[in-house]
There are 2 protein chains.
Amino acid sequence: MNPTFSPLYQQIKALLLKSLQEGEWMPGEPIPSETELAGRYGVSQGTVRKAIDELAAENLVVRKQGRGTYVSTHNEDKSQYRFLRLASDTDENARPRSEYVDVEKVRANSVIAKLLDINPNDSVFVVKRVLSFGDQPHIYDEIWLPGQQCKGLSLERLQAWNSTLYAFLEAEFGMRMLRATEKIKAVSAGTEHSQRLQVPEGTPLLLVERLSMTYSDKPVELRRGWYLTEGFSYRNELY
Amino acid sequence: MNPTFSPLYQQIKALLLKSLQEGEWMPGEPIPSETELAGRYGVSQGTVRKAIDELAAENLVVRKQGRGTYVSTHNEDKSQYRFLRLASDTDENARPRSEYVDVEKVRANSVIAKLLDINPNDSVFVVKRVLSFGDQPHIYDEIWLPGQQCKGLSLERLQAWNSTLYAFLEAEFGMRMLRATEKIKAVSAGTEHSQRLQVPEGTPLLLVERLSMTYSDKPVELRRGWYLTEGFSYRNELY
DNA sequence: AAGTGGTCTAGACCACTTT
DNA sequence: AAGTGGTCTAGACCACTTC
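Residues numbered from 1 in each chain as written. Chains lettered and ligands numbered in written order. Predicted model: local features only at pLDDT ≥ 70, side-chain atom pairs only at ≥ 80, totals over all residues. Heavy atoms only, no water.

S.K.: I'd like to hear about the interface of chain B and chain A, residue by residue, with values.
M.R.: On the side of chain A, 31 residues touch chain B, which itself brings 31 residues to the contact. Its largest share of buried area at the contact with chain A, chain B owes to B:Asn236, B:Leu238 and B:Tyr239, together 27% of the area lost on that side. Taking the shortest distance from any N to any O, the salt bridge between A:Arg179 and B:Glu237 comes out at 2.9 Å. Counting across the interface, chain B meets chain A through 21 residue pairs in polar contact (both at pLDDT 80 or more). Of all the secondary structure elements, the ones that give two or more residues to the side of chain B that touches chain A are β8 (179–188), β9 (204–213) and β11 (232–238) of chain B. Of all the elements, β8(B) adds the most residues to the side of chain B that touches chain A, at ten residues. (Contact = heavy atoms within 4.5 Å. Buried area = accessible area lost by both parts, 1.4 Å probe. Salt bridge = Lys/Arg side-chain N within 4 Å of Asp/Glu carboxyl O. Polar contact = N/O pair within 3.5 Å; in protein donor to acceptor, adjacent residues only side chain to side chain. Helix = DSSP H or I, 4+ residues; strand = E, 2+ residues; numbered from the N terminus.)

In structure tokens, the structure reads:
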């Protein structure tokens, strides 16, 4: 059979992705109704539906019965900490408070550059922050962001922001984190991390390396987080 | 609206789940075709399809175009290490070798009993084993299994088995692990774990507590795994 | 050739939200 | 009342596997 064969609904999905990527519909906004899209693309409503089903399964859009289908955003209560897997062993719903410590603009070293798929020596921002539950710091994050896409990022702007970092990046720079991969290791707290998390040196910590991607799986954020797991744990679901 | 309302396809899904649970179709076997099921339940083929779609999304069944829909099994290459998230940083596809160390029948303490949803003092098997990649042990597991469901489990039988533990439990005792939750912490290797994993005491390890569930989210296995993450990492995907 | 799942359509009706 | 997504149907045809 034709080697370039692709089901109609996959082609529609690709067209929808293109429109999303190009910003035809912005995060938080509704996309056109299924019937309208069916008309636009000259296919049946059911085919559009199947395309949107997949986008919804990937969390790129959110369906709301009776209202419409909306472009996902990190700027909503429900998706506020969508990627945060550390939770209290006693209070599942506890939410952390963020304290930004430092923002620097530096040249990417070869490791960072390779992971972010940019050129070595390209400028990158390094953001350092601490997430606390109650009074206890539990996460120290170092976050690398491509300089190109975050012009004008500063400590002051982050400190003035009162929602999540991803909401900030989405609102200020149009960066949309759609999915991420994490690699987790166990490490001992060194001098710096023990201070950041206010624990003794040698305390076992999770080291969580996250690479976040936007459309077409393009990496746009690298993050290393040191997690203190006393009374807390990293949650995962297996299917 | 009727508070007990449930879409037809959800009702069909529930009926299919019931048949799966009751063993009408066994792991590895095909379930009846969509048209046959549609006839049996007196609904359209499309409605059966949507029910099966959900079962497939939850990995309870596997669709094979042109062949049929099969009950999932842990006894197949593709799903062999379905729940194992530790992977080498250099060779993603490396598979571990399992060495069973000990099998004991004991009384469940209150913690274990509560997690497994059984009565304290009910008998449980404790299985201890080491998973190695190459010559290096990387995982030491302690596994609790309800005694009721594993009558006749022994070290010898496990050592004689040459596939995964879940495949064994499925084949020998009809235990089907459908999904699991994991809670991960960072810990320091104590005397026992340092010996099991052949690393110095104090080496940072991941402690992975897994609770595996069968139909109706009934817990059937509790597992604590100590993971050595030198050259390896626990992988996760966020959406 | 026959049987399976996979795609696509068109139309009907339901449930929910907004006006 | 009108518009949206959600369900259900019936029928056609396609792609893949087995016989």
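Moving on from the coordinates now.
S.K.: Got a sec to walk through the pattern of salt bridges? Specific residues and values, please.
M.R.: All names here are of chain A. Going through the model one piece at a time under the given rule, you end up with 40 salt bridges over all chains. Between arginine 49 and glutamate 34 there is a salt bridge; the shortest N-O distance is 3.3 Å. Taken together, the positions of arginine 49 in helix α3 (residues 45–57) and glutamate 34 in helix α2 (residues 34–41) put the pair 15 residues apart, joining distant regions of the chain. On the basis of relative accessible area, arginine 49 is assigned to the partly exposed category, the value being 34%. Overall, the relative accessible area of 14% leaves glutamate 34 in the buried class. Note that arginine 210 is salt-bridged to glutamate 182, the shortest N-O span being 2.7 Å. (Buried < 20%, exposed > 50% of the residue type's maximum accessible area, 1.4 Å probe, protein only.)

S.K.: Give me the relation of the copies chain B and chain A: which residues, what numbers.
M.R.: Superposing chain B onto chain A takes a rotation of 180° combined with a translation of 0.0 Å along the rotation axis, leaving an RMSD of 0.0 Å. Here the two chains are linked by the operation of a two-fold rotation axis. An overlap of 100% is found between the interface residues of chain B and their copies at the interface of chain A, pointing to a shared contact surface. (Least-squares fit on C-alpha atoms with pLDDT ≥ 70 in both.)

S.K.: Would you mind going over the pairing of strand β7 (residues 136–146) of chain A in detail, with residue names and values included?
M.R.: Residue and element names in this part refer to chain A. Counting buried positions over the eleven residues of β7 gives ten, a clear majority of the element. Bridge count for strand β6 (residues 123–133) against β7 is ten bridges, and the pairing is antiparallel. Its bridge partner lying in β7, valine 127 is registered against isoleucine 143. For β7 and strand β10 (residues 219–227), the ladder comprises six bridges, and the chain directions are antiparallel. Residue pairing in the sheet places tyrosine 140 in a bridge with tryptophan 226 of β10. (Pairing = 2+ DSSP bridges.)

S.K.: Can you tell me about the sheet that holds strand β5 (residues 97–107) of chain B, naming the residues and giving the values?
M.R.: What the eight strands build is an open sheet, ordered β4(A)-β11(A)-β8(B)-β9(B)-β10(B)-β7(B)-β6(B)-β5(B); its pairing is antiparallel. The open sheet is flanked by β4 (86–88) of chain A together with β5 of chain B, the only strands paired with a single partner. Direction aside, neighbouring strands of the sheet carry axes that sit 25° apart on average. In terms of strand pairing, β8(B) meets β9(B) through ten bridges, oriented antiparallel. (Axes fitted to C-alpha atoms, helices over the stretch in contact; angles between N-to-C directions.)

S.K.: So what's going on with the side chain of B:Asn236? Which residues, and what values?
M.R.: Within the secondary structure layout, B:Asn236 lies in strand β11. B:Asn236 gets classed as buried once you look at its relative accessible area, which sits at 3%. Among the polar contacts made by the side chain of B:Asn236, one reaches the side chain of A:Asn236 at a distance of 3.4 Å. Here B:Arg85 takes part through its side chain, which lies 3.3 Å from a polar atom of the side chain of B:Asn236. Look past the residues within four positions of B:Asn236 in its chain and what remains in contact with it is A:Arg85, A:Ala180, A:Thr181, A:Glu182, A:Tyr234, A:Asn236 and B:Arg85.

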